[in-house]
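Structural description and commentary
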Amino acid sequence: MGARGGRGRRFPSAPARGGGGGMSVAFVPERLRGKAEVNQETLQRLLEENDQLIRCIVEYQSKGRATDCVQYQHILHRNLIYLATIADATPPSMQKTVD
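Owing to the predicted nature of the structure, the values given are computational and were not obtained by experimental measurement.

Structural notes on the pattern of salt bridges
Applying the stated criterion across every chain, the model contains 4 salt bridges. Residue D51 is joined to R55 by a salt bridge in which the shortest nitrogen-to-oxygen separation is 3.0 Å. Linking D51 with R55, this pair stays in helix α1 (residues 40–62), spanning 4 residues, or about one helical turn. On the basis of relative accessible area, R55 is assigned to the exposed category, the value being 56%. In this structure, K63 engages E59 in a salt bridge whose closest nitrogen and oxygen atoms are separated by 3.0 Å. Take K63: its relative accessible area is 52%, and that puts it in the exposed class.

Shown next, in the form of structure tokens:
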């Protein structure tokens, strides 16, 4: 498969974005949890990564290779849980409304 993690993650058929490697932007080492400040740029990168993950999963499933996309489903799940945790921890006064 050859997928790499983090910014610049390259999924099959997904365009490369930036450089680097590593884990998903949602991954935070245990010792840093609760200490990192979540900013708009991080959230946007995470949403873009989720978009790429979903496209990859759909592509694999359409080719009958559902078992090949399990790793991407796990990353997507972790990212969604991370986003939900942030949303739950954000006071309503700080949340943006969608018009």
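Describing helix α2 (residues 70–89)
Taking 1.5 Å as the rise per residue, α2 with 20 residues should run 28 Å; its terminal C-alpha atoms sit 29 Å apart, in good agreement. Looking only at α2, the buried set comprises Y72, I75, L76, N79, L83 and I86. The buried side chains of α2 occupy one side of the element, clustering within an arc of 100° when seen end-on. Seen from the open side of α2, the exposed residues pointing more than 90 degrees away from its buried face are H74, H77, D88 and A89. The inward-facing, buried residues of α2 contact α1.

Comments concerning the packing of α1 against α2
For any two helices packed against each other, one specifies the inter-axial angle together with the distance between the axes. Running from N to C, α1 and α2 point in directions that differ by 150°, and their axes come no closer than 10 Å. Considering the angle they form, α1 stands roughly antiparallel to α2. The way α1 lies across α2 gives a crossing that is left-handed. Contacts from L43, L46, L47, E49, N50, L53, I54, C56, I57, Y60 and Q61 in α1 reach Y72, Q73, I75, L76, N79, L80, Y82, L83 and I86 in α2. Here the residues of the contact of α1 with α2 sort into 15 nonpolar, 4 polar and 1 charged.

Brief notes about the packing of aromatic side chains
Applying the stated criterion across every chain, the model contains 1 aromatic pair. Summarising the aromatic geometry, the rings of Y60 and Y72 are spaced 6.0 Å apart at their centres and angled 20° between planes, so their arrangement reads as stacked. With Y60 in helix α1 and Y72 in helix α2, the pair connects residues that are 12 residues apart, well separated along the chain. Classification of Y60 by relative accessible area gives buried; the value is 3%.

Description of the confidence of the model for the protein
Residues of the protein with pLDDT of at least 70 account for 57%, and the chain-wide mean is 74. Counted against residues more than four places away or in other chains, residues 1–7, with its pLDDT under 50, gives 29 contacts. Note that residues 14–23 has pLDDT below 50 and, in this model, 24 contacts with residues that lie over four places away or in other chains.

Observations regarding α1
An ideal rise of 1.5 Å per residue puts 33 Å on 23 residues; α1 measures up with 33 Å between its terminal C-alpha atoms. Inspection of α1 places T42, L46, E49, N50, Q52, L53, C56, I57 and Y60 among the buried residues, and these make up the whole buried set. Against the buried residues of α1 lie α2. Directly after α1, the chain includes G64, whose backbone phi takes a positive value near 75°.

Scoring rules and cut-offs
- Residues numbered from 1 in each chain as written.
- Predicted model: local features only at pLDDT ≥ 70, side-chain atom pairs only at ≥ 80, totals over all residues.
- Heavy atoms only, no water.
- Salt bridge = Lys/Arg side-chain N within 4 Å of Asp/Glu carboxyl O.
- Helix = DSSP H or I, 4+ residues; strand = E, 2+ residues; numbered from the N terminus.
- Buried < 20%, exposed > 50% of the residue type's maximum accessible area, 1.4 Å probe, protein only.
- Expected span 1.5 Å × (residues − 1).
- Arc of directions from axis to C-beta.
- Contact = heavy atoms within 4.5 Å.
- Axes fitted to C-alpha atoms, helices over the stretch in contact; angles between N-to-C directions.
- Parallel < 35°, antiparallel > 145°, perpendicular 65-115°, else oblique.
- Left-handed = near helix turned anticlockwise from the far one by under 90°.
- Nonpolar A, V, L, I, M, F, W, Y, C, P; charged D, E, K, R; others polar.
- Phe/Tyr/Trp six-rings, centres within 6.5 Å; stacked < 30°, edge-to-face > 60°.
- pLDDT = per-residue confidence, 0-100.

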